[in-house]
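Summary of the model geometry
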Amino acid sequence: MAWYARLRGVPAIMFPRGGSVVDECRNSAFTKAWVRWSFRGATTIICQSEAWRKFATDVLGLSHTNLAVIRNWTATRELLDIGAKRVARQEICVRLLFLGWLERDKGIFELIEACRRLAGSQRFTLDIVGEGRASGEARAVVAQHGLNEVIRFRGWLRDYHLYEALRDADVMVLPSWAEGLPNAMIEGMAARLAVVVTGVGAIPEVITDCRTGMLVEPRSADSLARALSEVIVDSELREKIAVEGHRIALRDFEVEAAVNLLLAEIVRTVRTVNGRRLSGRAL
């Protein structure tokens with residue numbers, strides 16, 4: 001579609017989101033060539049992070065003049081209000097929340113294993129919000145280990161019910177194997193949850209370990225269990241990273257600022273193409 005638009009003289013903007021394409025390009029020369037060709041059809045590529053822009057220039061060989069960085073804008077006013085109104089709780093039982101697709105590469109089984117290891121020594125619950133291809137297997141593993149009193153599967157939640165789940169939680173856990181910059185992480189930060197995430201993709205650009213969140217190794221139940229144990233036991237640490245994360249979400253991921261940047265980039269892209277048309281006609 002981008003190349004068709006280019007052939008017709010129509011400006012095209014591509015906004016790649018996922019982190020898996022980065023790993024696939026590094027592991028496959030064919031994929032890298034295909035992605036490079038595809039992206040070169042666009043007038044502008046919007047990157048969700050500096051890491052994505054570096055990948056586009058260093059790996060794909062795209063021109064930096066055609067690249068712009070606009071981060072996710074999932075820190076909505078509703079979520080930021082939840083965070084602003086949150087009162088620090090000295091709960092005996094800490095409430096964890098997973099939000100996303102139930103897929104093996106989202107780290108769902110490492111999360112269940114970490115919870116199994118902690119269940120005998122820590123007081124917590126885990127709400128799993130989402131569905132996916134690993135749903136049945138994940139439920140079976142939870143039942144097999146007798147964790148039904150600790151881990152609850154909520155399915156997909158929408159609107160009020162989703163906001164309620166975010167409002168009731170203390171910690172958001174996202175142990176993905178690969179990511180770009182996950183929306184759910186920003187949503188959790190906006191709602192002033194302490195986030196525990198893997199240090200993949202652009203996440204380390206936003207999360208400083210033990211300051212704005214907890215960074216863990218991907219595919220490691222050990223690393224995840226240690227981090228979860230820390231935020232469950234240490235209420236001061238949990239509150240500190242939640243407050244700092246909320247500040248970052250408000251500063252960098254609020255909707256209006258990002259939309260203004262996007263509109264400016266659309267205008268710039270259209271003017272670039274129109275300028276080329278006028279130059280061509282003048283010649």
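A short tour of the structure in this document, coming up. (Residues numbered from 1 in each chain as written. Predicted model: local features only at pLDDT ≥ 70, side-chain atom pairs only at ≥ 80, totals over all residues. Heavy atoms only, no water.)

**Details of the overall build of the protein chain**
Threshold: What counts as a helix is a DSSP run of H or I of at least four residues, what counts as a strand is a run of E of at least two, and both are numbered from the N terminus. Each residue gets one of three labels from its accessible area relative to the maximum for its type: buried under 20%, exposed over 50%, partly exposed in between, using a 1.4 Å probe on protein chains only. A contact between two residues is defined here by any heavy atoms of the two lying within 4.5 Å. Computed with a 1.4 Å probe, the accessible areas rest on the Shrake-Rupley method; for each residue, only the protein chains presented here act as cover. For the purpose of charge, His is not counted, nor are the chain termini; Lys and Arg are scored as positive and Asp and Glu as negative. We put the charge of a Lys on NZ, of an Arg on CZ, of an Asp on CG and of a Glu on CD.
Of regular secondary structure, the protein chain possesses 13 helices and nine strands. Every one of the 283 residues in the protein chain was classed for burial, and the buried ones make up 49%. The long-range fraction of contacts in the protein chain, counting pairs at least 24 apart against all pairs at least 6 apart in sequence, stands at 72%. Entry remark: accessible area of the protein chain is about 14100 Å², with carbon and sulfur atoms responsible for 53%. In the protein chain, 39 side chains carry a positive charge and 34 a negative one; their mean positions are 8 Å apart.

**Section: the pattern of salt bridges**
Our working rule: Any Lys or Arg side-chain nitrogen located within 4 Å of an Asp or Glu carboxyl oxygen qualifies as a salt bridge.
Applying the stated criterion to the full structure yields 19 salt bridges. Asp 252 is the partner of Arg 71 in a salt bridge, and the nearest nitrogen-oxygen pair spans 3.6 Å. Within this pair, whereas Arg 71 is found in the loop between β3 (67-69) and α5 (77-85), its partner Asp 252 is found in helix α12 (residues 235-252), the two being separated by 181 residues in sequence. A relative accessible area of 23% places Arg 71 in the partly exposed class. Assessed through its relative accessible area of 26%, Asp 252 is described here as partly exposed. One salt-bridge network, in which partners are shared between bridges, spans Arg 71, Glu 205, Arg 251 and Asp 252.

**Some words on the layout of surface pockets**
As a reminder of what qualifies: Both cavities and pockets are sets of points on a 1 Å grid over the protein atoms alone; in a cavity a 1.4 Å probe fits but cannot get out, in a pocket the set is open with protein on both sides within 12 Å along at least five of seven lines, and lining residues sit with an atom within 4 Å of a point. Grid points are joined across faces, edges and corners, and a volume is the space filled by probe spheres set on the points. For this classification, the nonpolar set comprises Ala, Val, Leu, Ile, Met, Phe, Trp, Tyr, Cys and Pro, the charged set comprises Asp, Glu, Lys and Arg, and every other residue, Gly included, is treated as polar.
The computed volume of the largest pocket comes to approximately 750 Å³. If you go around the largest pocket, you meet 34 residues; those closest to its centre are Gly 100, Trp 101, Lys 106, Glu 179 and Pro 182. Of all elements in the fold, only α2 (20-27), β4 (94-99), α8 (159-168) and α9 (183-190) reach the threshold of two or more residues within the lining of the largest pocket. Along the lines of polarity and charge, the residues of the lining of the largest pocket split into 14 nonpolar, nine polar and eleven charged.

**Let's talk about the environment of Thr 198**
With respect to the helices and strands, Thr 198 occurs in strand β8 (residues 194-198). Residue classification places Thr 198 among the buried positions, given a relative accessible area of 1%. Expressed as a C-alpha distance, the spacing of Thr 198 and Ala 178, which sit 20 residues apart in the sequence, is 8.3 Å. Those residues in contact with Thr 198 that sit more than four places away from it in its chain are Leu 174, Pro 175, Ser 176, Ile 203, Leu 215, Val 216, Glu 217 and Pro 218.

**What to know about a nonpolar patch on the surface**
Worth spelling out the cut-off: Grouping into patches uses exposed residues only, defined as over 30% relative accessible area, and leaves out salt-bridged ones; the cut-off is 9 Å for like charges and 5 Å for nonpolar side chains (Val, Leu, Ile, Met, Phe, Trp, Tyr).
Together, Ile 13, Leu 263, Ile 266 and Val 270 line one region of the surface with nonpolar side chains, adding up to about 290 Å² of accessible area. Mapped onto the elements of the fold, Leu 263 is located in helix α13 (residues 255-282).

**With respect to the pairing of strand β6 (residues 151-155)**
Taken residue by residue, a regular strand's side chains alternate between the two faces of the sheet. Quick note on the threshold: Note on handedness: a crossover is taken as right-handed if, strands pointing away from the viewer, the path from the first strand over the helix to the second is clockwise.
Only one face of β6 is covered, namely the face carrying Ile 151, Phe 153 and Gly 155; the face carrying Arg 152 and Arg 154 is uncovered. What joins strand β5 (residues 124-129) to β6 is helix α7 (residues 135-144), and the crossover it makes is right-handed.

**Considerations on empty space enclosed by the protein**
Within this structure, the stated rule accounts for one cavity of 30 Å³ or more. Approximately 150 Å³ is the volume found for the largest cavity. Around the largest cavity sit 14 residues that line it, and Ala 88, Arg 89, Asp 170, Arg 238 and Glu 239 are the ones nearest its centre. The greatest single-element share of the lining of the largest cavity, amounting to four residues, is contributed by α12. In the lining of the largest cavity, the residues fall into six nonpolar, two polar and six charged.

**Overview of the sheet that holds strand β7 (residues 171-174)**
We apply this condition: Pairing between strands is defined by DSSP: at least two bridges between the two strands are required. Here the axes come from fitting lines to C-alpha atoms, over the contacting stretch only for helices, and the angles between their N-to-C directions go from 0 to 180 degrees.
An order of β6-β5-β4-β7-β8-β9 is seen for the six strands of this open sheet, with the pairing classed as parallel. At either margin of the open sheet sits one strand with a lone partner, and together these are β6 and β9 (214-216). Strand after strand, the sheet turns through a mean of 20° between neighbouring axes, direction not considered. Relative to β9, β8 runs parallel, the two sharing three bridges. Each bridged residue has a counterpart across the sheet, and for Val 197 the counterpart in β9 is Leu 215. Relative to β7, α9 is tilted by about 170°, and along the sheet it contacts β4, β7 and β8.

**Comments concerning the packing of helix α6 (residues 108-118) against α7**
Formally: Any angle that is under 35 degrees is reported as roughly parallel, and any over 145 degrees as roughly antiparallel; angles of 65 to 115 degrees are reported as roughly perpendicular and all others as oblique.
In contact at an axis separation of 11 Å, α6 and α7 are set at 10° when each is read in the N-to-C sense. By the angle class used here, α6 and α7 are roughly parallel. Where α6 approaches α7, its residues Ile 108, Phe 109 and Ile 112 are matched on the opposing element by Glu 137, Ala 138, Val 141 and Val 142. A breakdown of the residues in the contact of α6 with α7 according to their chemical character gives six nonpolar, no polar and one charged.

**A word on α8**
Operational definition: Arc definition: directions from the helix axis to the C-beta atoms.
Of all the positions in α8, only Leu 162, Ala 165 and Leu 166 are classed as buried. In an axial view of α8, the angular spread of the buried residues amounts to 95°, which keeps them on one side of the axis. Of the surrounding elements, those touching the buried residues of α8 are α5, β4, β6 and β7.

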